[in-house]
Amino acid sequence: MTPRTYKGSDVREVLARVKADLGPDAVIHNTRWERTPGLFGLFAGETVEITASRGGADAQSPSRQPSKRPAGGLAERRYRETARLIGDERPADARTREPRGVETELARLRAVIEEMRAGLDEVRTLLFSALVRQGFPDADASRLADAAARGVSSGERVSSERAMSRLLGILRGALRIRTGLQPGAHRPKYCALVGPTGSGKTTTIAKLAAISALKRSLSVGLVSIDDYRVGGGEQIRRYAEIIGLPLFHAAAAQDAAAVRGALSDRDLVLVDTTGRSPGDALALSETARILRELAPDEIFLAVEAGILGEYAERIRMSFGRCFRISGVIITKVDEIPCVGGAVSLAVALSAPLAYITNGQRVPDDIRSASADAVMRLLSAPLDGLAVPQRG
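Because the structure is predicted, anything quoted here is derived from the model rather than measured. Chains are numbered independently. Their residues run from 1 in the order of the written sequence. The predicted nature of this model means local features are confined to residues of pLDDT at least 70 and side-chain atom pairs, given and counted, to a pLDDT of 80 or more, with totals for whole chains, interfaces and linings taken over all residues. To get the side-chain values, take all heavy atoms of the structure and skip hydrogens and water.

Enquirer: Lay out the environment of Leu268 in plain terms, naming residues and giving numbers.
Expert: Secondary structure elements are defined from DSSP: runs of H or I of at least 4 residues count as helices, runs of E of at least 2 residues count as strands, and each element is numbered from the N terminus. By the secondary structure assignment, Leu268 is in strand β9 (residues 268-272). Whether a residue is buried, partly exposed or exposed follows from its accessible area with a 1.4 Å probe, protein chains only, as a fraction of its type maximum: under 20%, in between, or over 50%, in that order. On the basis of relative accessible area, Leu268 is assigned to the buried category, the value being 2%. Taking the C-alpha atoms as reference points, Leu268 and Ala213, 55 residues apart in sequence, are found 9.2 Å from one another. Two residues qualify as a contact provided that any one of their heavy atoms is within 4.5 Å of a heavy atom in the partner residue. Not counting residues within four places of it along the chain, the set of residues in contact with Leu268 comprises Leu181, Pro188, Lys189, Cys191, Ser212, Ser219, Val220 and Gly221.

Here is the structure:
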């Protein structure tokens, strides 16, 4: 009988299908594992492929030639794990000459999985705790920990080093980075900053304005719709005077046309908005209404480092609903260098990271985001994670 190939995400389910189609005496010829990509590289899955034929009198004699053993890495690890799952510890050439029946695989599979589960659960729990401390929402931390713990078994040991390397690799693969502010094809280009109260928008606006005007020689204009917060308008006014930039206020949607006319000769216009609570839907709607009239080309979301999972999720839902976010700026990393919540927020919004700020000095304490810088911030609190080795 010609061998058949069965595919699925769970080896037990695939073996059950083999048994149902080919009978309990079916002969397993080959088992192969493949990676399947996930969103932004996160939470990728695995597919198992089993080649089998009917056993008994109809059985096809297996080849006497040993199958090629996969090269190192994931393929090598899965080669060993598959042998363990079917309870077969013989040399590779012996396994290829004497395929085992489905009944044997199913009988031994549960006990082997339970044996491995204790060590993997220990790793997964510790990774989950570390990610939550970094600020990741519980749901994201759980998925990340599960993805990182998957495949860390090496023989009878659970490798903490491999788990950490896998976790950091998943996080790096999830990052999206964009270039900083660039003048548009048309003049002026409008860029607005939105964010929760206290996220450092006004100081960040001043840094971007100073860099653009003083270091890049662009003609820059400022617009403030931050007239609700005590001292908000005064702060941006002082920055505008020091840098030497024109500043206009747009306290209502009807002011937008006059502001755009007055700043029509600028290369870049930066719009400072009022900090809004994620729970204040009415105030967020008012800000969104004014911005619709100003028609910014890009809207950046400023969030401070140290935001925790639940709050990051509230920001994502409220600001993501009201604004089309072009990029995320992580502020105040000098105060709380934990950026898991902000990174998780950016990934959930499908928005790249644009800038990182690390102090109050204008314009010095701001950097374009880079994967290396973000990974240093993400990995620092995880470096001391002690995952016990099982032997």
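Let us keep going from here.
Enquirer: Outline the nonpolar core, listing residues and values.
Expert: One recurring pattern in soluble globular proteins: nonpolar side chains tend to sit buried together. Working definition of a nonpolar core: buried Ala, Val, Leu, Ile, Met, Phe, Trp, Tyr and Cys residues. They are joined through side-chain atoms within 4.5 Å. Counting 62 residues, the largest nonpolar core has Leu291, Leu301, Phe323, Ile325 and Leu353 as the members making the most contacts within it. With near-sequence residues (within four places) excluded, Leu301 lies in contact with Val194, Gly195, Ile315, Phe319, Ile325, Gly327, Val328, Ile329, Leu345 and Leu349. If you look at the next biggest cluster of nonpolar residues, it comprises 22 residues, including Leu208, Ala210, Val220 and Ile366.

Enquirer: Quick rundown of the pattern of salt bridges? Include the residues and the values.
Expert: The term salt bridge refers to a pairing of a side-chain nitrogen on Lys or Arg with a carboxyl oxygen on Asp or Glu at a separation within 4 Å. On inspection of all chains with the given rule, the structure shows 13 salt bridges. Linking Asp140 and Arg143 is a salt bridge whose minimum nitrogen-to-oxygen distance equals 2.6 Å. In this pair, Asp140 and Arg143 both sit in helix α5 (residues 138-149), three residues apart, roughly one turn of the helix. A residue is classified by how much of its surface remains accessible, and Asp140, at 16% relative accessible area, is buried. Looking at Arg143, the relative accessible area reads 41%, which means it is partly exposed.

Enquirer: Please set out the environment of Arg124 residue by residue, giving values where relevant.
Expert: Its location among the elements puts Arg124 in helix α4 (residues 102-134). Remark: the alpha-carbon pair of Arg124 and Ala148, spanning 24 residues in sequence, is separated by 7.7 Å. Not counting the four nearest positions on each side in its chain, Arg124 is found in contact with Ala145, Asp146 and Ala149.

Enquirer: Which residues make up the confidence of the model for the chain, and what values do they have?
Expert: On a scale of 0 to 100, pLDDT captures the predictor's confidence in every residue. For the chain, mean pLDDT is 76; residues scoring 70 or higher make up 71% of the total. When pLDDT is averaged over each helix and strand of the chain, the minimum, 45, is found for helix α3 (residues 92-97) and the maximum, 94, for strand β10 (residues 298-304). Contacts from residues 37-44, a stretch scored under 50 in pLDDT, to residues over four places away or in other chains number 20 contacts. Low pLDDT, under 50, characterises residues 383-391; the predicted model gives this stretch 25 contacts beyond four residues in sequence or across chains.

Enquirer: Run through the sheet that holds strand β13 (residues 366-368), naming residues and quoting values.
Expert: We call two strands paired when DSSP finds no fewer than two bridges between them. Spatially, the eight strands line up as an open sheet ordered β8-β7-β9-β6-β10-β11-β12-β13, and their pairing is mixed. Looking at strand neighbours, the two that pair on one side only are β8 (247-249) and β13, the edges of this open sheet. Adjacent strand axes in the sheet meet at a mean angle of 25 degrees, parallel and antiparallel pairs treated alike. With three bridges connecting them, strand β11 (residues 327-331) and strand β12 (residues 353-357) associate as parallel partners. Each residue of the ladder has a partner; that of Val328, found in β12, is Leu353. Taken strand by strand, helix α12 (residues 340-348) contacts β10, β11 and β12, and its axis lies near 155 degrees from that of β10. Working convention: axes come from line fits to C-alpha atoms, limited for helices to the stretch in contact. Angles between N-to-C directions cover 0 to 180 degrees.

Enquirer: Please set out the side chain of Gln134 residue by residue, giving values where relevant.
Expert: Tracing the sequence through the fold places Gln134 in helix α4. We classify Gln134 as buried; its relative accessible area is 1%.

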